[in-house]
Amino acid sequence: MANSEILLHDSFDDPHAALWFVEPAGFSALPLDSLLPAPESQAADSLREAAAPFLGTSRDSLARQQFIAAFAAGQQLLAALREVGTVHCSVGLHRDDVGGAGELLFSLFTVSWRETAPAPRGVTAARAVASGGGHVRVEFVELAAGLASFSEVGSTPASGSGLPRRPLLQMHAHLPHPDCRRLAVLTLTTTALARRAEYRAILRVIAESVSFERP
């Protein structure tokens, strides 16, 4: 703990880290390496040990099968994210106190790396939102980490994807790395479309905290 408000994740001291940021309260990071261990590894043994109490206390075989199926589906989702360069993933849980209902709102925050053709950082930020994908509400902002582009993309999970067919709102912050050869993409996804402004503000706060040098 650096002070009474900021908790330092173990990755803060990772010698191979290429990006640092501050995550607001309400987000819980998912340990990708622990949840996607290599077969027959020590990490795989640890994951089986962690899951054993849940399986052992299941009321019957059907409940165990349902738990295993849900866990496997979650692993498939995380594996798909990792395949596209995702290095961080967090689940957000916030209480909706804007409309007075007080219901819980869920979101997913990810940080991904994308290789890019060598170009000035401003050009890379512009290309990220102009290369298709249905980006709207585009904004270019000068942050402490350099010029960034913000955008939004709306979508609905495809039939057969296994996900509820509810409209999704994805908010992106594209931050070109100083080496001009890669792009950090911060994405905040939610089904709470009515809270677009609030979630965009959250993403902006995270993006403003990004540093490509160890703080």
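Description of the structure in this document. (Residues numbered from 1 in each chain as written. Predicted model: local features only at pLDDT ≥ 70, side-chain atom pairs only at ≥ 80, totals over all residues. Heavy atoms only, no water.)

Moving on: the overall build of the protein. In terms of helices and strands, the protein carries five helices and seven strands. Starting at the N terminus and ending at the C terminus, the protein contains elements arranged as β-α-α-α-β-β-α-β-β-β-β-α. Considering the protein as a whole, with its 215 residues, one finds that 34% of them fall into the buried category. Expressed as a percentage of contacts within the protein between residues at least 6 apart in sequence, the contacts between residues at least 24 apart total 58%. When the accessible area of the protein is evaluated, it comes to approximately 12,800 Å², of which 57% is carbon and sulfur surface. (Helix = DSSP H or I, 4+ residues; strand = E, 2+ residues; numbered from the N terminus. Buried < 20%, exposed > 50% of the residue type's maximum accessible area, 1.4 Å probe, protein only. Contact = heavy atoms within 4.5 Å. Areas by Shrake-Rupley, 256 points an atom, 1.4 Å probe, with all protein chains shown as cover.)

So, about the sheet that holds strand 2 (residues 86-95). Sheet strands associate in pairs through backbone hydrogen bonding, adopting either a parallel or an antiparallel arrangement. One open sheet holds the seven strands; their spatial order is 1-2-3-7-6-5-4, and the pairing between them is antiparallel. Among the strands making up the open sheet, the edge pair consists of strand 1 (27-29) and strand 4 (136-143). Strand-to-strand, the axes of this sheet are offset by a mean angle of 20 degrees, without reference to chain direction. Pairing of strand 2 with strand 3 (residues 104-115), which is carried by nine bridges, proceeds in the antiparallel orientation. (Pairing = 2+ DSSP bridges. Axes fitted to C-alpha atoms, helices over the stretch in contact; angles between N-to-C directions.)

In this structure, Phe109, Phe150, Leu175, Leu186, Leu203 and Phe212 are the most contacted members of the largest nonpolar core, which totals 25 residues. When residues of this core are traced back to their parent elements, those giving at least two are strand 3, strand 4, strand 5 (146-155), strand 6 (168-176), strand 7 (182-190) and helix 5 (196-209). In this structure Phe109 touches Phe21, Glu23, Phe27, His88, Cys89, Ser90, Leu186, Thr187, Leu188, Leu203 and Ile206, once residues within four positions along its chain are discounted. Core analysis: the next-biggest nonpolar cluster, separate from the first, contains seven residues, Leu32, Leu36, Leu47 and Leu81 among them. (Core = buried A, V, L, I, M, F, W, Y, C linked by side-chain atoms within 4.5 Å.)

Turning our eyes to something else, we now look at a nonpolar patch on the surface. A surface patch of nonpolar side chains, amounting to about 350 Å² of accessible area, comprises Val91, Leu93, Leu104 and Phe106. Those elements giving two or more residues to the nonpolar patch turn out to be strand 2 and strand 3. (Patch = residues over 30% accessible without salt bridge, like charges linked within 9 Å, V, L, I, M, F, W, Y side chains within 5 Å. Salt bridge = Lys/Arg side-chain N within 4 Å of Asp/Glu carboxyl O.)

Of all the nine residues making up strand 6, seven are buried; the element is thus mostly covered by neighbouring parts of the structure. Two strands pair when backbone bridges link them, and strand 5 and strand 6 are joined in this way by seven bridges, in the antiparallel orientation. Opposite Phe150, over in strand 6, you have Ala173 as the bridge partner. The pairing of strand 6 with strand 7 spans eight bridges and is classified as antiparallel.

So, on to helix 5. With 14 residues, helix 5 ought to run about 20 Å at 1.5 Å a step, and its terminal C-alpha atoms sit 20 Å apart, in line with that. Listing the buried residues of helix 5 in full gives Tyr199, Arg200, Leu203, Ile206 and Ala207. The buried residues of helix 5 occupy an angular sector of 120 degrees when the element is viewed end-on, so they sit on one face. Taken together, the buried residues of helix 5 touch strand 3, strand 4, strand 5, strand 6 and strand 7. (Expected span 1.5 Å × (residues − 1). Arc of directions from axis to C-beta.)

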